[in-house]
Amino acid sequence: MRVLVIEDEPGIAQFIRQGLNEAGYAVDVASDGQAGLNYALAAEYDVIVLDIMLPQMDGLQVLRQMRSRIKTPVLLLTARDTVEDRVKGLDAGADDYLFKPFAFPELLARLRALLRRPPLQLDTILQVADLEMDVANREVRRAGKSIELSPREFSLLEYLMRHPRQVLTRSQITERIWNFDFYGDSNVVDVYIGYLRRKIDNGFDRPLLHTVRGVGYRLSAEQSDG
Ligand code: CA
């Protein structure tokens with residue numbers, strides 16, 4: 001899951017980034033409204049955390065401009081708890097609110113709730129052959145056997161399972177599972193695919209995770225033709 005955080009206070013931005021990273025999300029941070037809007041329109045985020053009081057362009061302006069183009073769920077952060085602010089925010093297209101200061105677990109719970117909402121059409125139970133993922137409960141099983149994954153491995157597998165039989169390129173995977181700050185070599189994708197393969201395919205008759213040579217990877221019950 002990829003999250004955009006638009007927040008100008010470095011301490012709060014860092015606090016959110018670190019917490020979300022630890023929870024397995026890929027996070028980009030923009031520190032003013034204009035940059036935030038640019039990021040939001042340039043990449044496909046699953047959810048956006050947007051501060052209201054921002055330099056360049058305030059959060060409500062960002063939201064209005066975003067809403068004419070994209071439907072990504074938005075959680076507004078505000079220091080002010082007034083009815084007027086909430087109404088303005090909802091009118092501008094916010095999906096939820098959180099007042100500062102907030103406890104990180106509450107932010108995480110609200111983001112999860114937004115990710116479960118119908119407009120995104122996200123299934124919470126994914127299945128490819130005998131491999132099953134319960135996204136809400138963070139559980140993975142193959143042929144009924146429970147598989148333990150790290151948060152990053154889980155995100156990678158979720159992305160593959162949401163695009164079954166489709167070939168996903170290394171750069172698609174890098175963009176989706178890592179973030180704009182990631183300039184490392186794309187070998188990291190191969191490394192994580194290797195971890196995942198050991199966990200979901202080793203010890204089973206039929207491999208599900210296929211390498212499509214020179215292109216990328218795909219998850220499929222059928223044999224790879226690449
Ligand atoms: Ca602010």
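Quick note: structure is the one above.
Rules of the game
Residues numbered from 1 in each chain as written. Predicted model: local features only at pLDDT ≥ 70, side-chain atom pairs only at ≥ 80, totals over all residues. Heavy atoms only, no water. Pairing = 2+ DSSP bridges. Helix = DSSP H or I, 4+ residues; strand = E, 2+ residues; numbered from the N terminus. Donors = N, O, S within 2.8 Å, 3.2 Å for Na, K, Ca; no water. Buried < 20%, exposed > 50% of the residue type's maximum accessible area, 1.4 Å probe, protein only. 1 Å grid on protein atoms, 1.4 Å probe; cavity = no way out; pocket = protein on both sides within 12 Å on 5 of 7 lines; lining within 4 Å. Points joined across faces, edges and corners; volume = space filled by probe spheres on them. Nonpolar A, V, L, I, M, F, W, Y, C, P; charged D, E, K, R; others polar.

Relative to strand β12 (residues 216-219), strand β11 (residues 209-212) is paired through four bridges, and the arrangement is antiparallel. Directly across from T211, in β12, lies its bridge partner Y217. In this antiparallel pair of consecutive strands, β11 and β12, the connection spans three residues, and G214 shows a positive phi of 75°.

Coordination of the calcium ion by the protein comes from D8 (OD), D51 (OD) and M53 (O), over a distance range of 2.1 to 2.3 Å. One chain supplies every donor to the calcium ion, and in sequence these donors are spaced D-x42-D-x1-M. One end of the pair, D8, is in the loop between β1 (2-6) and α1 (10-22); the other, M53, is in the loop between β3 (47-51) and α3 (59-67), and 45 residues separate them in sequence. Taking relative accessible area as the criterion, D8 reaches 27% and is therefore assigned partly exposed. Overall, the relative accessible area of 51% leaves M53 in the exposed class.

Within the structure shown, the criterion is met by one cavity of 30 Å³ or more. Space inside the largest cavity adds up to approximately 50 Å³. Around the largest cavity, the lining residues are M1, A23, G24, Y25, R138, F154, S155 and E158. Among the residues forming the lining of the largest cavity, the class breakdown is four nonpolar, two polar and two charged.

Time to look at the environment of A109. Structurally, A109 is set in helix α5 (residues 104-115). Using a relative accessible area of 35% as the deciding quantity, one classes A109 as partly exposed. Remark: the alpha-carbon pair of A109 and M1, spanning 108 residues in sequence, is separated by 14 Å.

These values are about where atoms sit, not about what they do.
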